[in-house]
Amino acid sequence: MLGDDLLWFTTLAELERVGAAAERLHIAQPTLSRMLARLERRLGVELFDRHGKRIELNDFGRIYYEHARRAKAELDAAGQAVADLSDPAKGVVRLSFLHSFGSWLVPQLISGFRRGSARVSVTLWQGAADDVIGQVLDGEADLAIVSPRPTAKGLGWLDLLHQPLVLAVPAEHKLAARRHIRLADIADAEFITMPSGFGMRRILDDLCAAANIRPRIIFESTDLVTVAGLVAAGLGVAVLPLEDPMPAAGSLSGLVTVPLADAGAARDVGLIWSATAPPSAAVRRFRDFTEDWARRRGGIPMASRFERPASSRYGWR
């Protein structure tokens, strides 16, 4: 199973609808159904359970999908390595990032990078922190912008930003006039936050555990600007980074931010990559640009900007 076969099967496995997969792949639905039938006959098992027009991966299918996904990532990387060798000025950078960085950080980095590397393409994917980290570890993304720093092994890390955290409250809230606040002082508050698996949710959970409180969560959203909007509407309080998404949320009438005095009330934002996979020329160029961007921005000691596992075979260059 190579090339196009890997593409159609992984697409079908991820969408679990023949019609939707056929539309995305620009092939006829009966053709895709026949391709699946031939594959299942060759393997001697069905890979999907059928539920009317919907299909669902079964145990056989999930195993086959995991191998197919990794094989596709390897073939994509091989093709990119050949392209880099034939024309180092070109290339593709596959960048994943958290939703909240899509409004300012990612556009700022790509805009600056493209001014000096216009022939390098950048493909984008955004999602929850766990999903973004998984993409890098599985070889589906070359680089990712995440926060907080992942605990998974096998990742390189470059410091980009260190953002203080604030408590966002409605303007009429009794705490709106405070100069600073500790989470232990608002143990009975109703919190608005992100779902499990998102970076800011992990940060909130860690801060609350350190403060020995269990937050009462009344709303969850996958977008920090939405979280800020719900706070501004008087529906609860939220822990947010000072700079992100405050360029958008700061303009919301009815929202006030109070600095958090808890130890560790900040989030580190960084660039990650696989420490065991050799980077392409385009990826190295993007990392170099990002390091320069972080240096120009200032605020992070140079000694802590770039770290990789000591046993890593492949370095920054």
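So, here's what we can say about the structure. As the structure is a computational prediction, the values presented were derived from the model and not from experiment.

### Examining helix H7 (residues 199-210)
Given 3.6 residues per helical turn, the α-helix brings residues three or four places apart onto the same face. Helix length check: H7, at 12 residues, gives a terminal C-alpha distance of 17 Å against a target of 16 Å (1.5 Å per residue), a fit within 8%. For H7, every residue scored as buried is listed here: Gly199, Met200, Arg201, Ile203, Leu204, Leu207 and Cys208. Asn212 occupies a position one or two residues after H7 and carries a positive phi of about 60 degrees.

### Here's the deal with the pattern of salt bridges
Side-chain pairing between opposite charges can occur once the charged atoms of the two side chains come close. Here the structure, examined in full by the defined rule, presents 15 salt bridges. The partner of Glu140 in a salt bridge is Arg69, and the shortest N-O contact between them spans 2.8 Å. Placement of Glu140 in the loop between helix H6 (129-137) and strand S5 (143-146) and of Arg69 in helix H4 (residues 59-86) is noted, with a sequence separation of 71 residues between them. When its relative accessible area of 12% is taken as the criterion, Arg69 is described as buried. Among the ionic pairs, Asp206 bridges to Arg202, the shortest N-O distance being 4.0 Å. Pair noted here: Asp206 and Arg202 are both in helix H7, with a separation of 4 residues, about one helical turn. Since its relative accessible area comes to 48%, Asp206 is described here as partly exposed.

### Observations regarding the environment of Ser221
Looking at the element boundaries, Ser221 is found in the loop between strand S8 (216-220) and helix H8 (224-232). Between the alpha carbons of Ser221 and Thr193 there is a distance of 6.4 Å; along the sequence they are 28 residues apart. Excluding its chain neighbours within four sequence positions, the residues that come into contact with Ser221 are Thr193, Met194, Pro195, Thr226 and Val227. Of the polar contacts made by the side chain of Ser221, one reaches the backbone nitrogen of Asp223; its length is 3.2 Å.

### Things to note about the packing of helix H2 (residues 18-25) against helix H3 (residues 29-43)
For the pair H2 and H3, the least separation of the axes is 9 Å and the interaxial angle reads 110 degrees. Our classification of the angle between H2 and H3 gives roughly perpendicular. Here H2 contributes Val18, Gly19, Ala21, Ala22 and Leu25 to the contact with H3, which in turn contributes Gln29, Leu32 and Ser33. In terms of residue class, the contact of H2 with H3 is made up of 5 nonpolar, 3 polar and no charged.

### Examining unusual backbone geometry
Residue Pro148 follows Ser147 across a cis peptide bond; omega there is -5 degrees. Phi is positive for Glu16, which is not a glycine, with a value near 55 degrees. Topologically, Glu16 is positioned in the loop between helix H1 (4-15) and H2. Positive phi, normally seen in glycine, also occurs at His26, with a value near 60 degrees. With respect to the helices and strands, the residue His26 is situated in the loop between H2 and H3.

Reading the values: the criteria
Residues numbered from 1 in each chain as written. Predicted model: local features only at pLDDT ≥ 70, side-chain atom pairs only at ≥ 80, totals over all residues. Heavy atoms only, no water. Helix = DSSP H or I, 4+ residues; strand = E, 2+ residues; numbered from the N terminus. Expected span 1.5 Å × (residues − 1). Buried < 20%, exposed > 50% of the residue type's maximum accessible area, 1.4 Å probe, protein only. Salt bridge = Lys/Arg side-chain N within 4 Å of Asp/Glu carboxyl O. Contact = heavy atoms within 4.5 Å. Polar contact = N/O pair within 3.5 Å; in protein donor to acceptor, adjacent residues only side chain to side chain. Axes fitted to C-alpha atoms, helices over the stretch in contact; angles between N-to-C directions. Parallel < 35°, antiparallel > 145°, perpendicular 65-115°, else oblique. Nonpolar A, V, L, I, M, F, W, Y, C, P; charged D, E, K, R; others polar.

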